[in-house]
Amino acid sequence: MEPARSSPSPQSLEPTAPEPGVHAGRPEAPQAERARHRRGAWVALAVLVLGVVTLELRFRGSSLAEALAAESLYIRKARTYSMSEGADIAVTGDSRMLHGVYPAAVADVVEEERNERPRVYNAALSGAPPMAQLAWVRRMLTHPGRRPKVVVMGISPYMFSSRIARAPSRESLTTIWRLEDLGAAVRAGAGFEELSTLIVTNLFESVRLRPRVVEVVLNGSKPGAAADVGDDGYLPMGAVDPATQASRAHHRGMAYRAEMWKPEARFGNEQMGYFLEALRELREAGVQTIVINTPSASQLDVAYGPQSLYDEHIAWVKDQAAKHGATYVDLKTVSGLSDTDFSDGDHLSSQGAVKFSEHLTREYLLPALGGSTFPSAKCQSVFTFDAVELTGWTLRGEAVRVQAGPAPKQQPITGQRGGGFLNTFTEQGDAPVGEALSPPFVLEGSWVRLRVGGGGEGSNVGVELVVEGRAQARARGRGAENLGLVSWDVSALRGKTAQLRIWDADSGPWGHLLVDDVKLCP
């Protein structure tokens, strides 16, 4: 018979205390184990960060990153400027300014009038809104070399429309803005998206170049050619026939009309804060600022008028410029410019750009710099080329002749002074060659000034000053049909007899030379 089993006492049903090292229910890690887990997490995070940073540094220093950055006009132009000597006069704006202000033409006028050649830079970019312009203003004001004395801001009439796409703004954030500009972005009213984009793209070059990196890695595409940053930032546009210009201008006018006409379009967008911050920083830096309403052809008038935002835009920009101590100038139409000076409705051709640049300089930049100080009226004309015959000159070959305007099939000529100029481009184009030696003249001044155009670097053409059988100075064109200013210091040669030798030994493209307005100046 089995012994009876006794029921457990109430005390025996109570849980017993666990033995040391044994955990009841869901165990809780001891302090040492938790510390070990934390260390492991930090090590994993450190390895991850180190890996990301290592990859970023390797990419940032790679030839691929360099090539992809060079593709972008926005990136390459900004970095080129930062590595340059800076500028005395700088312009910002969109493509109207990019193709409309020729720094060499600006510098030529200043040199003629003040006997000093300023450094001029065109910082405009295609599609660049005030967000991009503020970034450029910041870059100019913090340049280690020289800070501008005058800044021209080109504000086109569609910039503050509610219908303007945001894409160009974002491009400027990822390409031009720097970490040191973060405060300016905050003051301009940038939102979280803009600020985070600015920070991340400056910390990680791979993020800045992400779209192209993806294309290269996933699609196997190769980096393209480096972007052309132009001549001191200026990119010329070729002339077109009137019918082409009118057709292009009409289409552009209708496109602007869609962006500017009420009620679909309203005045005001995020760009206003960036414009005002740029004005504020220029005023605080003591930089003279000229705000201009950019030029356009008459065909674009279809986008303006009472149904447009145009008048509201002009009134607001003018008012804000005055409040910030800037000069406002309406240059929608400019004396001497016609529709034929545009390649479409709002982009000046190269000859139009020279005309506009000279007008802007004489009327507004020179006064901002203090006016004319060089006694140019005391310059003595030596050769004007107003007469058809080159009397007293020794000629060889068929290329050298005097003309009142461009030869057949030659592009329009700008920078001409007087009734004619010497030209080695003939009815046969660049093919003919030749040489001309001027009559002797005495160097009675300290400077020889002349205007030279046509073939530039790499062309076997030129003009030189010959004294006692030796060339003392030499010049050629800039690869353009613009007669730009050339100055030779001849103070050490005063009283000596000199001659000009002009030669064209090149039958290839740009194998010709233009010369005009040779003077001796005090």
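Residues numbered from 1 in each chain as written. Predicted model: local features only at pLDDT ≥ 70, side-chain atom pairs only at ≥ 80, totals over all residues. Heavy atoms only, no water.

> How would you sum up the overall build of the chain? Please name residues and give values.
Along the chain, the regular secondary structure elements total 16 helices and 17 strands. If one aligns the C-alpha atoms of the chain with their principal axes, the spans along those axes are about 155 × 60 × 45 Å. Within the span of the chain, comprising 522 residues, buried residues form 49% of the whole. Of the contacts formed within the chain by residues at least 6 apart in sequence, a portion of 82% connects residues at least 24 apart. Surface accessibility of the chain: about 24700 Å² in total, with carbon and sulfur atoms responsible for 55%. Averaged over its 56 positive side-chain charges, the chain has a centre that lies 5 Å from the centre of its 60 negative ones. (Helix = DSSP H or I, 4+ residues; strand = E, 2+ residues; numbered from the N terminus. Buried < 20%, exposed > 50% of the residue type's maximum accessible area, 1.4 Å probe, protein only. Contact = heavy atoms within 4.5 Å. Areas by Shrake-Rupley, 256 points an atom, 1.4 Å probe, with all protein chains shown as cover. Lys, Arg positive; Asp, Glu negative; His and termini not counted. Charge placed at Lys NZ, Arg CZ, Asp CG, Glu CD.)

> Lay out unusual backbone geometry with the relevant residues and their values.
Look at the link from Lys262 to Pro263: it is a cis peptide, with omega at 0 degrees. Within the secondary structure, Pro263 sits in the loop between helix 13 (242-260) and helix 14 (271-284). A positive phi angle, near 50 degrees, is found at Asp232, a position not held by glycine. Among the structural elements, Asp232 can be located in the loop between helix 12 (210-219) and helix 13. The phi torsion at Glu468 lies on the positive side, around 55 degrees, for a residue other than glycine. Along the chain, Glu468 falls in the loop between strand 13 (461-467) and strand 14 (470-475). Exposure remark for Glu468: the relative accessible area of 64% places this residue in the exposed category.

> I'd love a proper account of the nonpolar core, names of residues and values included.
Core analysis: the biggest nonpolar cluster contains 56 residues, and Trp136, Trp177, Phe275 and Val291 have the highest contact counts within it. Contributing elements (two or more residues each) for this core: helix 4 (73-82), helix 7 (130-141), strand 3 (150-155), helix 9 (182-187), helix 10 (192-203), helix 13, helix 14 and helix 15 (310-323). Here the element with the most residues in this core is helix 7; it accounts for eight residues. Residue contacts for Phe275: discarding those within four places in its chain leaves Pro130, Met153, Ile155, Phe160, Val291, Trp316, Val317 and Gln320. The next biggest cluster of nonpolar side chains, apart from the first, holds 30 residues, and it includes Val400, Val461, Ala473 and Val486. (Core = buried A, V, L, I, M, F, W, Y, C linked by side-chain atoms within 4.5 Å.)

> With reference to specific residues and values, describe a nonpolar patch on the surface.
Taken together, Leu179, Ile199, Val200, Leu203 and Val207 make up a surface patch of nonpolar side chains, about 350 Å² in accessible area. In this fold, Val207 is placed in helix 11 (residues 205-208). Residue Val207 is classed as partly exposed on the basis of its relative accessible area, which comes to 33%. (Patch = residues over 30% accessible without salt bridge, like charges linked within 9 Å, V, L, I, M, F, W, Y side chains within 5 Å. Salt bridge = Lys/Arg side-chain N within 4 Å of Asp/Glu carboxyl O.)

> Report on the pairing of strand 1 (residues 89-92), specifying residues and quantitative values.
Side-chain positions along a regular strand alternate between the two faces of the sheet. Along strand 1, one buried face is formed by Ile89 and Val91 and the opposite face, lined by Ala90 and Thr92, is buried too. Two strands pair when backbone bridges link them, and strand 1 and strand 3 are joined in this way by four bridges, in the parallel orientation. When the sheet's bridge partners are listed, Ile89 is paired in strand 3 with Val150. Examined bridge by bridge, strand 1 and strand 2 (residues 120-122) share three bridges and lie parallel to one another. By the bridge assignment, Ile89 is partnered in strand 2 with Val120. (Pairing = 2+ DSSP bridges.)

> Can you explain the packing of helix 6 (residues 103-114) against helix 16 (residues 350-369)? Please cite residues and give values.
Between helix 6 and helix 16, whose axes approach to 8 Å, the crossing angle comes to 45 degrees. When the axis of helix 6 is compared with that of helix 16, the two are oblique. Handedness of the helix 6/helix 16 crossing: right-handed. Across from Ala105, Val106, Val109, Val110, Glu112, Glu113 and Arg114 in helix 6, the residues of helix 16 making contact are Val354, Ser357, Glu358, Thr361, Arg362, Leu365, Leu366 and Leu369. Residues belonging to the contact of helix 6 with helix 16 are distributed by class as follows: eight nonpolar, two polar and five charged. (Axes fitted to C-alpha atoms, helices over the stretch in contact; angles between N-to-C directions. Parallel < 35°, antiparallel > 145°, perpendicular 65-115°, else oblique. Left-handed = near helix turned anticlockwise from the far one by under 90°. Nonpolar A, V, L, I, M, F, W, Y, C, P; charged D, E, K, R; others polar.)

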